[in-house]
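# Commentary on secondary and tertiary structure
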Amino acid sequence: MARIPLVSTRETRSLGLKVWVAVLAGSLVLSGCVGSGSMRPPRRVAQAPAAPPQYEADLPPEGVPQSQPQAYASAPSNAPMPGPVGTGTTIGNGPVRVALILPLSGQGQSAVAAQSLQNAADLALSETPGAELTILVKDDRGTPEGAREAASQALAEGAELILGPLFAPSVQAAGQVARQSGRPVIAFSTDATVATRGIYLLSFLVQAEVDRIVSFAASQGRRSVAALVPETTYGHVAEAQFQEAAARQGLRVVAVERYPAGQPQAAVQRLARVIGGPSAQADALFLPENGDGLPAVAAALQSVGFNPQQVKPLGTGVWNEARVFALPALQGSWFAAPDNRGFAAFAARYRARYNTDPIRLATLSYDAVTLAAALTRVQGSQRFAENVLTNPAGFAGADGVFRFKGDGTNDRALAVQEIRNGAAVMVSGAPRTLMAGN
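This section reports on the structure supplied with the text.

## With respect to the overall build of the chain
Along its length, the chain carries twelve helices and 16 strands. A buried classification covers 60% of the 438 residues belonging to the chain. For the chain, the share of sequence-separated contacts (at least 6 apart) that also reach a separation of at least 24 residues comes to 71%.

Okay, here's the thing in C-alpha cells:
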C-alpha cells in the first residue's frame with residue numbers, strides 16, 4: 001500500500017513552487033476524507049455521518065461542552081498497550097526514532113483517546129512496508145509535568161521528532177523541551193495559541209473552516225452577513241476569524257449578537273429585524289454553535305420568522321452530525337469541514353485490525369506517523385528540517401490536503417456541504433492542492 005506519488009512538474013510550476021512536493025504514503029493519498037476531530041467513536045450504523053467534530057479536547061473547562069456522553073469500546077486484545085508510566089513501549093524497529101506522546105494514563109476519556117491514537121500510529125506503520133521508524137510511545141499522564149518528562153526521556157533516547165501531545169498545556173511543556181534540543185513537534189492540540197515556529201499543529205482548526213465558509217458564501221453572491229455567537233472559547237475564536245474573513249471577502253457585517261451558552265433567545269430577538277421577515281437586512285447568518293446548542297438556536301430563529309432560504313445559515317465543522325441535519329431552521333444552510341470519505345475508509349481498516357471504532361481524532365496520529373515515514377524515506381538527513389515540514393505545497397492525508405505554516409498553524413483543504421432534506425450534501429469539494437498564498 002505504501003507509495004509516495006509526487007505532484008507533477010507541471011502542477012508544481014502552476015503552484016509557483018520550486019520545491020519538491022511530498023505526498024504521503026498509503027491511504028494518505030486522497031481517497032476521500034472526513035470532518036473535524038472528536039474524542040467520540042463514530043457510530044456503526046451503515047452510512048452514518050461522521051462523528052461531530054469537537055475542538056474542546058484541549059481545554060475541556062473552557063471549551064464547548066461535550067455534545068453527548070462518550071461511549072468508548074474497550075481496547076481489543078491485539079491492540080498495542082502502553083507500558084508502565086515513564087517507560088512506554090515501541091512500535092516498529094527502524095533506525096530513525098520518533099516519539100509519540102499521549103495521555104495514556106490520563107483521566108477518563110483522555111486515556112481511551114490516547115489508546116485510539118496509539119492504535120492509529122501502529123496501523124500507519126503496518127501500512128508502510130519498509131518504514132525506517134521506531135516510534136517511542138510515551139505517557140504524559142495528561143499533565144504538563146508528564147509531557148515535559150516524556151519529551152526529555154524521548155529525546156534522551158534519540159527521538160528526532162515528537163508527535164503529540166494532545167492537550168494544549170502539554171504541548172507547551174513538551175515544546176519547550178524539544179526546542180531546547182532543536183527538535184520539531186507535530187502536535188494534536190486544537191488551540192492555535194500553542195502553535196509557534198517548530199511546534200506545528202496537525203489538528204482541525206476553526207480558523208480554516210471559517211475562512212472557507214465565508215469565502216464560499218461570498219462566491220455565491222452573499223453580500224451582507226450577521227452573526228449569532230455563543231459566549232464560549234470556540235465562539236470567541238470563530239467570531240474573530242469571521243470578522244477578518246468577512247473584511248477580506250468584502251462582505252458587510254450588519255450585526256453581531258452574542259449570547260450565554262444555551263440561552264440564545266434574547267440575542268435572536270435583538271437580531272429579528274436584521275434576519276427575520278421579508279425585509280431582512282442580511283442575506284447570510286454565521287452560527288458558530290455546536291450540536292448541543294443549535295436546537296435552541298433553531299427554535300429561537302423560527303420564532304422570529306427566520307427563513308433559511310432567504311438568509312443563508314453558515315456554519316463550521318461542528319455541524320457535521322445527524323441531529324443538526326434534522327433541524328428545520330437549518331435546511332439549505334452551508335458548513336465547511338473536511339470531506340467525510342477518507343475517515344470512513346480509515347475507520348474501516350482500523351475496525352478490521354482492532355475490532356473497535358477509532359475516535360475521530362485518530363487520523364491525526366495516523367497521518368503524523370505516515371508523514372514521518374514518508375519524509376524519512378525521501379529526505380534523508382533533512383527529513384524533519386523546517387523547510388521540509390513547511391513545504392507550501394503541503395501533503396495529502398486521510399483528511400485531505402494539509403500544510404504546516406511557519407507560525408505552527410496549518411492550512412487544510414476543506415469541502416462545503418449543504419444541509420438538504422435532513423442530510424448533508426457536498427456542494428463544493430475540497431481542493432486537491434493548496435495554492436501558494438492560500
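More follows now that the structure is in view.
## Observations concerning helix α6 (residues 233-249)
With 17 residues, α6 should reach 24 Å at 1.5 Å per residue; the first-to-last C-alpha distance of 24 Å fits that figure. For α6, every residue scored as buried is listed here: Tyr234, Gly235, Ala238, Glu239, Gln241, Phe242, Ala245 and Ala246.

## Points about the pairing of strand β2 (residues 96-102)
Counting buried positions along β2 gives six out of seven residues, so the element sits mostly inside the fold. Across seven bridges, the pairing between β2 and strand β3 (residues 133-139) is parallel. In the strand pairing of β3, Leu100 is matched with Val137. The pairing of β2 with strand β4 (residues 161-163) spans three bridges and is parallel. Along β4, the bridge assignment pairs Leu100 with Leu163.

## Quick look at the sheet that holds β2
Spatially, β1-β3-β2-β4-β5-β6 is the arrangement adopted by the six strands of the open sheet, whose pairing is mixed. Among the strands making up the open sheet, the edge pair consists of β1 (89-91) and β6 (199-201). Adjacent strand axes in the sheet meet at a mean angle of 25° when their direction is disregarded. Sheet analysis places strand β5 (residues 185-187) next to β6, joined by three bridges and oriented parallel. Considered in β6, the bridge of Ile186 is made with Tyr200. Sheet strands touched by helix α11 (residues 362-379): β2, β3, β4 and β5. Its angle to β3, the strand with the most contacts, is close to 145°.

## Here we look at the pairing of strand β7 (residues 224-230)
Extensive coverage of β7 is indicated by the burial of seven of its seven residues. Side chains Ser224, Ala226, Leu228 and Pro230 project from β7 onto one buried face, and the interleaved Val225, Ala227 and Val229 project onto a second face that is buried too. Sheet topology note: the β7/strand β8 (residues 252-259) ladder contains seven bridges and is parallel. Bridge assignment links Val225 to a residue of β8, and that residue is Val253. You can see the chain leave β7, run along α6 and come back into β8, and the turn it takes is right-handed.

## Regarding the sheet that holds strand β14 (residues 410-412)
In a beta sheet, neighbouring strands are held together by backbone hydrogen bonds and run either parallel or antiparallel to one another. The antiparallel open sheet is built from three strands, whose spatial order is β12-β13-β14. Looking at which strands have only one partner, the edges of the open sheet turn out to be β12 (395-397) and β14. Strand-to-strand twist of the sheet, defined as the mean angle between neighbouring strand axes without regard to direction, takes the value 30°.

## Examining the packing of helix α10 (residues 341-354) against α11
Look at α10 against α11: their axes get within 11 Å of each other, and the N-to-C directions meet at 85°. With respect to α11, the element α10 is oriented roughly perpendicular. Residues Phe343, Phe346 and Arg349 of α10 form the contact with α11, whose participating residues are Ala362, Thr363 and Tyr366.

## Considerations on unusual backbone geometry
A cis geometry characterises the amide bond from Gly164 onward to Pro165, with omega recorded as -5°. Mapped onto the secondary structure, Pro165 falls in the loop between β4 and α4 (168-180).

## So, the nonpolar core
Ranked by size, the top nonpolar core spans 54 residues in total, and within it Leu228, Ile275, Leu285 and Trp319 carry the most contacts. With seven residues, helix α5 (residues 206-219) is the single largest residue contributor to this core. When residues no more than four places from it in sequence are discounted, the contact partners of Ile275 are Ala226, Ala280, Ala282, Leu285, Leu301, Phe306 and Val311. Counting residues in each nonpolar core, the second largest holds 50 residues, with Ala113, Ala124, Ala362 and Ala368 among its members.

## Some words on α10
With 14 residues, α10 should reach 20 Å at 1.5 Å per residue; the first-to-last C-alpha distance of 20 Å fits that figure. Along α10, the residues classified as buried are Gly342, Phe343, Phe346, Ala347, Arg349, Tyr350 and Tyr354. Axial view of α10: buried residues confined to an arc of 165°, hence all on one face. Across from the buried face of α10, at angles greater than 90 degrees, the exposed residues are Arg341 and Ala352. Just downstream of α10 lies Asn355, where phi reads positive at about 60°.

## Focus on the pattern of salt bridges
Note on pairing: side chains with opposite charge can pair once their charged atoms come close. Here the structure, examined in full by the defined rule, presents 17 salt bridges. Of the charged contacts in the structure, one is a salt bridge between Lys405 and Asp411, with a shortest N-O distance of 3.8 Å. Taking the relative accessible area as the measure of exposure, Lys405 reaches 33% and is therefore partly exposed. Using a relative accessible area of 14% as the deciding quantity, one classes Asp411 as buried. Bridged by salt links that share partners, the residues Asp292, Glu321 and Arg323 form one connected network.

Basis of the calculations
Residues numbered from 1 in each chain as written. Predicted model: local features only at pLDDT ≥ 70, side-chain atom pairs only at ≥ 80, totals over all residues. Heavy atoms only, no water. Helix = DSSP H or I, 4+ residues; strand = E, 2+ residues; numbered from the N terminus. Buried < 20%, exposed > 50% of the residue type's maximum accessible area, 1.4 Å probe, protein only. Contact = heavy atoms within 4.5 Å. Expected span 1.5 Å × (residues − 1). Pairing = 2+ DSSP bridges. Axes fitted to C-alpha atoms, helices over the stretch in contact; angles between N-to-C directions. Right-handed = clockwise from strand over helix to strand, strands pointing away. Parallel < 35°, antiparallel > 145°, perpendicular 65-115°, else oblique. Core = buried A, V, L, I, M, F, W, Y, C linked by side-chain atoms within 4.5 Å. Arc of directions from axis to C-beta. Salt bridge = Lys/Arg side-chain N within 4 Å of Asp/Glu carboxyl O.

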